[in-house]
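Observations on chain architecture
Now for the letters of each chain:
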Amino acid sequence: MIKSISAIVFLFLITSCSEKITEAQLSGLNGYWEIEKVTLSDGQKKEYKVNETIDYIQLDGLKGFRKKMKPNFSGTYTTSDDAETFTIFHTGDSYLLTYKTAISEWTETLKSISKDQFSVTSEDNITYFYKRYEPINISK
């Protein structure tokens with residue numbers, strides 16, 4: 001019984017202390033991002049030390065797109081013309097990113113956002129953590 005009460009109090013503290021995401025913060029999604037780690041639905045974690053591709057996100061109001069980009073050592077990017085379009089919906093205390101492509105549709109819940117990081121959780125309860133992409137600088 002005491003364990004149950006402690007768990008409920010702990011969950012309440014965690015959820016009440018978490019910062020709410022505001023609509024003004026959403027523009028912070030614009031730019032180049034690389035995946036840092038993933039937490040699977042069973043709690044397993046996977047770290048990404050090196051990424052061959054990064055995501056470019058462009059948001060205009062509550063609509064946007066995400067493209068896979070491959071950085072080159074010259075400072076340029078290679079990409080295809082494929083893009084995943086999405087719309088952001090505010091529901092309750094959450095922002096949902098609803099994606100639609102020619103072959104699929106899915107939704108992610110925005111869990112956190114800051115200047116240099118953001119995270120989303122998929123419908124399969126997989127959480128993706130992104131960090132702002134820093135280009136590799138090779139100077140002579």
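My aim in this report is to walk through the structure given alongside it, one point at a time. What you see is a predicted model; the values in this text were computed from it and never measured.

1. A closer look at the pattern of salt bridges
- Applying the stated criterion to the full structure yields 5 salt bridges.
- With a shortest N-O distance of 3.9 Å, Lys20 and Asp93 are connected by a salt bridge. Pair noted here: Lys20 is in the loop between helix H1 (2-17) and strand S1 (31-39) and Asp93 is in the loop between strand S6 (84-91) and strand S7 (94-100), with a separation of 73 residues, a long-range link.
- Where Glu105 meets Lys100, a salt bridge forms, and the shortest distance between an N and an O atom there is 4.0 Å.
- Using a relative accessible area of 52% as the deciding quantity, one classes Lys100 as exposed.
- Via salt bridges that share partners, Asp55, Arg66, Lys68 and Glu108 belong to a single interconnected network.

2. Thoughts on the nonpolar core
- Ranked by internal contacts, the top residues of the largest apolar core, which has 19 residues, are Leu26, Leu29, Phe86, Ile88, Leu110 and Phe118.
- When contributions to this core are tallied by element, the ones reaching two or more residues are S1, strand S3 (54-60), S6, S7, strand S8 (105-113) and strand S9 (117-122).
- Leaving out residues up to four positions away in the same chain, Leu29 has contacts with Ile57, Leu59, Ile88, Leu110, Ile113 and Phe118.

3. Remarks on the pairing of S7
- Of the two faces of S7, only the one carrying Tyr95, Leu97 and Tyr99 is buried; Ser94, Leu96, Thr98 and Lys100 on the other face are not.
- Examined bridge by bridge, S6 and S7 share 7 bridges and lie antiparallel to one another. Along S7, the bridge assignment pairs His90 with Tyr95.
- Where S6 folds back onto S7 in an antiparallel hairpin, the turn is made up of 2 residues, including Gly92, whose phi is positive at roughly 60°.
- With 6 bridges joining them, S7 and S8 adopt antiparallel strand pairing. Looking across to S8, one finds that Thr98 is bridged to Thr107.
- Between S7 and the antiparallel strand that follows it, S8, lie 4 residues.

4. Observations concerning the side chain of Arg66
- Here Arg66 lies in strand S4 (residues 63-71).
- At a separation of 2.5 Å, a polar atom in the side chain of Arg66 contacts the side chain of Tyr99.
- When neighbours within four sequence positions are excluded, Arg66 is seen to be in contact with Asp55, Tyr56, Ile57, Ala83, Glu84, Phe86, Tyr99, Glu108 and Tyr130.

5. Here's the deal with the packing of aromatic side chains
- By the definition in use, this model includes 8 aromatic pairs.
- Judged by centre distance (4.8 Å) and plane angle (90°), the ring pair of Trp33 and Phe118 falls under edge-to-face. A residue pair is termed long-range when its members are at least 10 positions apart, and Trp33 in strand S1 and Phe118 in strand S9 qualify at 85 residues. There is no split in this pair, since Trp33 and Phe118 are both buried.

So, how was this worked out
- Residues numbered from 1 in each chain as written.
- Predicted model: local features only at pLDDT ≥ 70, side-chain atom pairs only at ≥ 80, totals over all residues.
- Heavy atoms only, no water.
- Salt bridge = Lys/Arg side-chain N within 4 Å of Asp/Glu carboxyl O.
- Helix = DSSP H or I, 4+ residues; strand = E, 2+ residues; numbered from the N terminus.
- Buried < 20%, exposed > 50% of the residue type's maximum accessible area, 1.4 Å probe, protein only.
- Core = buried A, V, L, I, M, F, W, Y, C linked by side-chain atoms within 4.5 Å.
- Contact = heavy atoms within 4.5 Å.
- Pairing = 2+ DSSP bridges.
- Polar contact = N/O pair within 3.5 Å; in protein donor to acceptor, adjacent residues only side chain to side chain.
- Phe/Tyr/Trp six-rings, centres within 6.5 Å; stacked < 30°, edge-to-face > 60°.

Function cannot be inferred from these measures alone, as they are strictly geometric.
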